[in-house]
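Close look at the chain arrangement
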Amino acid sequence: MNSVEELCTLIGSRISWGRGEDAGSLNADTPLLEMGLVDSLAIMEIVAALHKEAGITLPDTEIVAANFRTPKALWAAIEDLSGEGRK
């Protein structure tokens, strides 16, 4: 995982889109929670995908709503992790 754009792709593949919405409309500033695009299950799926596909382990203390408000917020949390969370 090298960019917020790659993160958007990962998130977009893990959320349910409503009629007329598509993953291509997801960008770094998309308000995921406000738009109802993620719920607790989707957050856990994103966390699992980060671990499986990118080797990024989010500690439980980082799995909070503030880090899932937008893809940019989650990217900032990932970048703030020490070397422990990344392989």
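This text follows the structure it describes.
**Looking at the overall build of the protein chain**
Helix and strand content of the protein chain: 3 helices and 0 strands. In the protein chain, the succession of helices and strands from N to C terminus is α-α-α. Accessible area of the protein chain: about 5,200 Å², with a carbon and sulfur share of 50%.

**With respect to the nonpolar core**
Formed by 24 residues in total, the largest nonpolar core has its most connected members in I11, I46, L50, L58, L74 and I78. Listed by contribution, the elements that provide at least two residues to this core are α1 (4-12), α2 (40-54) and α3 (71-80). Element by element, the count of residues in this core is highest for α2, at 6 residues. Here L58 is in contact with V47, L50, I63, F68, L74, I78 and L81, once residues within four sequence places are set aside.

Each value, and the rule that gives it
Residues numbered from 1 in each chain as written. Predicted model: local features only at pLDDT ≥ 70, side-chain atom pairs only at ≥ 80, totals over all residues. Heavy atoms only, no water. Helix = DSSP H or I, 4+ residues; strand = E, 2+ residues; numbered from the N terminus. Areas by Shrake-Rupley, 256 points an atom, 1.4 Å probe, with all protein chains shown as cover. Core = buried A, V, L, I, M, F, W, Y, C linked by side-chain atoms within 4.5 Å. Buried < 20%, exposed > 50% of the residue type's maximum accessible area, 1.4 Å probe, protein only. Contact = heavy atoms within 4.5 Å.

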